[in-house]
Amino acid sequence: MPSRPRPRAPQDGPVVDLARRLGALLGELGLSEIEASVGRIRVRLQRGGVQTAAAAPAPTQAIASFEHSVTPVPAGADSASMVTIEAPMVGTFYRASSPTGEPYVSEGDVVKEGQILCIIEAMKLMNEIESDCEGEVAAVYVDNGKAVQFGERLFAVKVGG
């Protein structure tokens, strides 16, 4: 009877490698939770517990889109309501696609749902952050090239009329 190939030792696997890298970031940035996907591997770490899971294969891209939270902000002096666009991850905030490029949006610009607002670089992956609403950019809270934390406000968008 032919022998079966021996499974790789856990310390040699890509899941463990990704978990180690994320664990280092977790401690370095003082986070309580972090999650990342690389190819078919998805790893989520939490202080006090570790959960790993293999996810369905996803197309590999240099730029990925991420959903982000939209938190209502009290209405301004006019009847329009404001929402804030928050960072969906820890990373470096970029207003343009290149250092010499024009910003995706500036204060006063009208944006449409799905329009790219900025890029957040995380783990050498450029993540496009899109608007979930239509309206006018009322404020840009982060300077180009600055580090952002999960949930940090990036933009205020005036919606309605």
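First, a word on what this report is: a plain description of the structure on this page. Remember, it's a predicted structure, so these values are computed and weren't measured experimentally.

**Some remarks on the nonpolar core**
With 21 residues, the main nonpolar core has Phe93, Ile120, Val148, Leu154, Phe155 and Val157 as its most contacted residues. Counting only elements with at least two residues in this core, the list comes to strand S6 (81-86), strand S9 (116-122), strand S11 (135-140) and strand S13 (153-159). Look past the residues within four positions of Val157 in its chain and what remains in contact with it is Ser81, Met82, Val83, Ile85, Val111, Cys133, Gly135, Glu136, Val137 and Ala138. Counting residues in hydrophobic clusters, the runner-up holds 8 residues, among them Ala19, Ala36, Val43 and Leu45.

**Some words on the side chain of Ser131**
Within the secondary structure, Ser131 sits in the loop between strand S10 (125-130) and S11. Within polar-contact distance, the side chain of Ser131 engages the backbone oxygen of Cys133 at 2.6 Å.

**Focus on unusual backbone geometry**
We note that Met123 has phi near 55 degrees; this positive angle belongs to a residue other than glycine. Residue placement: Met123 occurs in the loop between S9 and S10. The partly exposed category is assigned to Met123, whose relative accessible area is 35%. Look at Lys124: it is not a glycine, yet its phi comes out positive at around 65 degrees. With respect to the secondary-structure elements, Lys124 resides in the loop between S9 and S10. Residue Lys124 is classed as exposed on the basis of its relative accessible area of 80%.

Criteria and cut-off values
- Residues numbered from 1 in each chain as written.
- Predicted model: local features only at pLDDT ≥ 70, side-chain atom pairs only at ≥ 80, totals over all residues.
- Heavy atoms only, no water.
- Core = buried A, V, L, I, M, F, W, Y, C linked by side-chain atoms within 4.5 Å.
- Buried < 20%, exposed > 50% of the residue type's maximum accessible area, 1.4 Å probe, protein only.
- Helix = DSSP H or I, 4+ residues; strand = E, 2+ residues; numbered from the N terminus.
- Contact = heavy atoms within 4.5 Å.
- Polar contact = N/O pair within 3.5 Å; in protein donor to acceptor, adjacent residues only side chain to side chain.

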